[in-house]
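Below are the chains, spelled out letter by letter.
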Amino acid sequence: GMKFEDLDADGTKDGGEPGLDDVTIYLLSADGTSTIATTTTANGGLYEFTGLIPGTTYLVCEQDVSGIPPGWDQSAPANTVCAGVTAEAVEPGGYQVTLGSGELEGDNDFGNYRQGIKSGYKWHDLDADGVWDKPGEPGLNDWTIELYDAQGALLATTVTADDTSGDPGYYEFTLDPGTYTVKEVCQPDWLQSYPTPTAGCGTGVHDFTIASGDDTNHRDNDFGNYQPATKTGMKFEDLDADGIKDGGEPGLDGWTTI
C-alpha cells in the first residue's frame, strides 16, 4: 500500500497528493496483541509485507502519527480496525487481511493530514481607503472575528489581540483542511473599508480553502474599519471685520456651508 498526505482530508488519494516516507507500518496478529513485522514507508510512501502465511488473518496498522512533527491526523481508512490494538501505539484506521496462496493484495493505503492556519489583522483605517498604511494606521484589539463553514454554520469565534511581537489586532484560527469564511462583528459607530462590504459594516468577508499543513497562504486576511468624522464650526457676523469672533458678535443662521 501507500502512505500519503491527504491535502483535502477527504480520505481519497487524489492526483498530486504526495507519498509520505519514514512512517512505520505494523503487521500485527488478528487480535492486535502481538507484532509480526514492521516496515517503514519509502520511495514515495510505499510499504510492503511479504511471506504472509496463506489463510492467516493479520492486521495492518500505521503508527500513531500525532507525535510526528508538526502533528498529523488520520483520514484513511475511515474505520476502527486497529482501535483495539495493544501491541503498538497506532491510529484506529487499518486493514484486516487474509490472503490465499500466492495472492497479492494492494491499495491498502493510509491517508494523513495536518491542520492549517488562517490569520490576519484588524486595523484602524484612518483615511478609509481600504489600504493598510503601515505603521501609521494601528491594529485594533477586542474585535470579534467569526469562522463559518462552507454551509454557513458558525464554527468558532476569536477576539483580536496582540501577536507574538506585541503588534495589536491579530487573529488566528487553526483548521482542518476545508472551505471556510471569516467575517468581523462590527462595533457601534464604525464602518468597514476592507474587504469591501456588500450591505453595511461586517458584510465584507474572506472566503478561503485550507489544504493540509497550509500555514502561509492564508495570512494577511485583514479587516479595515473607520469611524465617521464630524466637522463643526460657526457662522458669525464680524462686526469689526477683523477676522476674529469677538464677544458679542452674533451667529448667523440660514447660511449654507459647502
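Everything here concerns the structure above.
Just so it is clear, the model here is predicted, and its values are computed rather than measured.

**With respect to the pattern of salt bridges**
Then step 1. Throughout the structure, instances matching the rule amount to 3 salt bridges.
Then step 2. Between Glu62 and Lys3 there is a salt bridge, and its shortest N-O distance comes to 2.3 Å. Taken together, the residues span a long stretch of sequence, with Glu62 in strand 4 (residues 57-63) and Lys3 in strand 1 (residues 3-5) at a distance of 59 residues.
Then step 3. In this structure Lys3 comes out as buried when scored by relative accessible area, which is 1%.

**Comments concerning the pairing of strand 4**
Then step 1. With 6 of 7 residues buried, strand 4 is to be regarded as a mostly interior element.
Then step 2. As paired strands, strand 2 (residues 24-29) and strand 4 are joined by 5 bridges and run antiparallel to one another. What sits directly across from Tyr26, in strand 4, is Cys61.
Then step 3. Here strand 4 pairs with strand 6 (residues 90-98) via 6 bridges, running antiparallel. Note on strand 6: the bridge partner recorded for Cys61 is Gly94.

**Brief notes about the packing of aromatic side chains**
Each aromatic ring pair is summarised here by two numbers: the centre-to-centre distance and the angle between the ring planes.
Then step 1. Counted according to the given criterion, the structure contains 11 aromatic pairs.
Then step 2. Both rings, one in Tyr47 and one in Phe49, keep their centres 6.0 Å apart while their planes meet at 65°; by these two values the pair is edge-to-face.
Then step 3. A residue is classified by how much of its surface remains accessible, and Tyr47, at 10% relative accessible area, is buried.
Then step 4. Among the aromatic residues, those joined into a ring-pair cluster are Tyr121, Trp123, Trp132, Tyr170 and Tyr194.
Then step 5. The ring of Phe208 is capped by Lys118, whose NZ or CZ atom sits 3.9 Å from the centre of that ring.
Then step 6. Above the plane of the ring of Trp255 lies Lys235, whose end atom (NZ or CZ) is 3.9 Å from the centre.

**A word on the sheet that holds strand 2**
Then step 1. Read across the open sheet, the 4 strands follow the order 3-2-4-6; overall the sheet is antiparallel. Two strands lie at the open edges of the sheet, namely strand 3 (35-40) and strand 6, each paired on one side alone. Adjacent strand axes in the sheet meet at a mean angle of 25°, parallel and antiparallel pairs treated alike.

**Quick notes on the state of the cysteines**
Then step 1. Considering all chains together, one arrives at 2 disulfides under this definition.
Then step 2. Linked covalently through their sulfurs, Cys61 and Cys82 form a disulfide whose S-S length is 2.0 Å. Because the sign of the S-S torsion sets the handedness, a value of about -90° for the bond joining Cys61 and Cys82 places this disulfide among the left-handed ones. Here Cys61 is found in strand 4, whereas its partner Cys82 is found in the loop between strand 5 (73-76) and strand 6, with 21 residues between them in sequence.
Then step 3. Judged by relative accessible area, which is 0%, Cys61 ranks as buried.

About the thresholds
Residues numbered from 1 in each chain as written. Predicted model: local features only at pLDDT ≥ 70, side-chain atom pairs only at ≥ 80, totals over all residues. Heavy atoms only, no water. Salt bridge = Lys/Arg side-chain N within 4 Å of Asp/Glu carboxyl O. Helix = DSSP H or I, 4+ residues; strand = E, 2+ residues; numbered from the N terminus. Buried < 20%, exposed > 50% of the residue type's maximum accessible area, 1.4 Å probe, protein only. Pairing = 2+ DSSP bridges. Phe/Tyr/Trp six-rings, centres within 6.5 Å; stacked < 30°, edge-to-face > 60°. Lys NZ or Arg CZ within 6 Å of the ring centre and 35° of its normal. Axes fitted to C-alpha atoms, helices over the stretch in contact; angles between N-to-C directions. Disulfide = S-S within 2.5 Å.

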